[in-house]
Amino acid sequence: MEAPPPGPPWDLPVGEAPFAFVDLEMTGLDTEDDRVVEVCVDRVVGSTTVALFHSLIDPGERIGGASHVHGIDQAAVKGAPTFAAVADEVLASVAGAIVVAHAAVWDVRFLAAECRRAARTLNVDYWLDTLVLSRRAFAFHSYSLDALCRELGIDRGRAHRAQSDVQAMRVLFEKCVGLLRPLNARDLWEVRVGDRRARQVILDACEAAAKHGAPVILTYRPAKRPPDSFLMVVQGVRSDLDPPRVVGYQLPGRGRKDLRADRILRVEPAPSQPPLHRGNLVDA
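What counts, and where the lines are drawn
- Residues numbered from 1 in each chain as written.
- Predicted model: local features only at pLDDT ≥ 70, side-chain atom pairs only at ≥ 80, totals over all residues.
- Heavy atoms only, no water.
- Helix = DSSP H or I, 4+ residues; strand = E, 2+ residues; numbered from the N terminus.
- Polar contact = N/O pair within 3.5 Å; in protein donor to acceptor, adjacent residues only side chain to side chain.
- Contact = heavy atoms within 4.5 Å.
- Buried < 20%, exposed > 50% of the residue type's maximum accessible area, 1.4 Å probe, protein only.
- Axes fitted to C-alpha atoms, helices over the stretch in contact; angles between N-to-C directions.
- Parallel < 35°, antiparallel > 145°, perpendicular 65-115°, else oblique.
- Left-handed = near helix turned anticlockwise from the far one by under 90°.
- Nonpolar A, V, L, I, M, F, W, Y, C, P; charged D, E, K, R; others polar.

Peer 1: Honestly, the side chain of arginine 186 in this entry has me stumped. Any pointers?
Peer 2: Mapped onto the elements of the fold, arginine 186 is located in helix H8 (residues 185-189). Of the polar contacts made by the side chain of arginine 186, one reaches the backbone oxygen of proline 4; its length is 2.7 Å. A distance of 2.9 Å separates the side chain of arginine 186 from the backbone oxygen of proline 5, its partner in a polar contact. Setting aside residues no more than four positions away along its own chain, arginine 186 makes contact with Ala3, Pro4, Pro5, Pro6, Gly7, Trp10 and Asp11.

Below you can see the structure in the form of C-alpha cells.
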C-alpha cells in the first residue's frame with residue numbers, strides 16, 4: 001500500500017499534528033442508497049479542540065433501518081440542514097488534517113458519497129483507524145467501540161450518537177498512543193494489522209539495539225494475549241522474512257526470543273542505558 005506523502009501532517013510529532021476525529025450516523029450501510037443523518041468532526045491539535053462541527057442532517061427522505069441503533073428518527077431531523085447546506089463546513093473541518101475514525105473506511109466512504117451528491121470533493125486518501133490501532137494494542141474479544149469502552153473504562157456517553165462517539169474515540173486514541181509511543185502520525189499509519197507490516201521506527205530501534213549490543217525494554221503483544229514488557233538483548237533483525245523477525249535473548253536467564261516485528265509495540269532503553277534511536281526510544 002502506498003504510504004502518505006512526505007511532510008506535514010504525517011511527519012509531524014503526534015502532539016503537533018492536526019487530527020480530525022470523525023463520526024457519522026447513517027440510515028444504513030449502503031453508500032448508494034443510505035444517507036448521513038448526523039455528523040461530528042472534532043479537529044484536535046495535541047489535546048486541544050481547535051474546531052468542532054456537529055449537526056443532525058436531514059437526509060431528504062424517510063429514515064428507516066438504523067433508527068433503532070442511534071435513535072434518530074424523522075422527528076429528530078425535522079428542521080435540520082441538508083448535507084449540501086453544511087458540506088463546506090464539514091470539508092473545512094477536515095482540510096489538512098488526519099482523519100481518525102472507528103472502522104474508518106465506512107465514515108470516509110459515506111462522507112465522500114455525500115460530498116459527491118453536494119457537488120463537492122472529499123480529498124481524504126489516508127486516515128487512521130482506532131479499530132486497527134486497538135487490535136494491535138489490546139487483547140480483547142471484541143473491538144467494537146462499545147466493547148472497547150467497557151474494557152478500558154471509557155465514559156461512553158450516549159452510544160451511537162456522533163458527538164459521544166467522537167469523545168469516546170478521542171480517549172481510545174490517547175490510550176493507543178500511550179501504548180504504541182509513536183514517533184509521528186506516519187508511524188501510527190504503519191500499524192497495519194492483517195498486513196504483516198512492521199513499523200519502520202521499530203525496525204530501526206531493533207537494528208540499533210543489535211548494533212550496540214545494549215539491552216532494551218521491549219514491549220510485545222502476542223496473539224490473543226495482552227502486552228508484555230521484558231528486558232532483551234537484540235542480536236539481529238530478519239527483514240527478509242514476512243513479517244520481519246527480531247531475534248535475541250531475554251534477561252535474566254538468556255532465554256531465546258524470536259519475535260514478529262509487527263507485534264512489537266515499543267522499544268525503550270534499559271535503565272542506565274543511553275538512547276539508541278530517536279524513534280521509539282526514550283530520550284536521555
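Peer 1: Is there a simple way to explain unusual backbone geometry in this structure?
Peer 2: Of all residues except glycine, most have a negative phi; of all peptide bonds, most are trans. A cis amide bond, omega -5°, links aspartate 242 with the succeeding residue proline 243. Locating proline 243 in the fold gives a position in the loop between strand S7 (228-238) and strand S8 (245-251). In this structure, proline 252 follows leucine 251 across a cis peptide bond, with omega equal to -10°. Structurally, proline 252 is set in the loop between S8 and strand S9 (255-260). Of note, the phi angle at arginine 181 is positive, near 45°, even though the residue is not glycine. Mapped onto the fold, arginine 181 is located in the loop between helix H7 (162-180) and H8. Exposure remark for arginine 181: the relative accessible area of 35% places this residue in the partly exposed category.

Peer 1: Help me out: how do you make sense of the packing of helix H5 (residues 130-137) against H7 in this one?
Peer 2: Pairs of packed helices are described in terms of their axes, by the angle between the two and the distance that separates them. At their nearest, the axes of H5 and H7 sit 10 Å apart, and the two run at 40° to each other. Classified by the angle their axes make, H5 and H7 are oblique. Considering only the axes of H5 and H7, their crossing is left-handed. From H5, Thr130, Leu133, Ser134, Arg136 and Ala137 reach across to H7, where they touch Met169, Leu172, Phe173, Cys176, Leu179 and Leu180. Grouping the amino acids of the contact of H5 with H7 by side-chain chemistry returns eight nonpolar, two polar and one charged.

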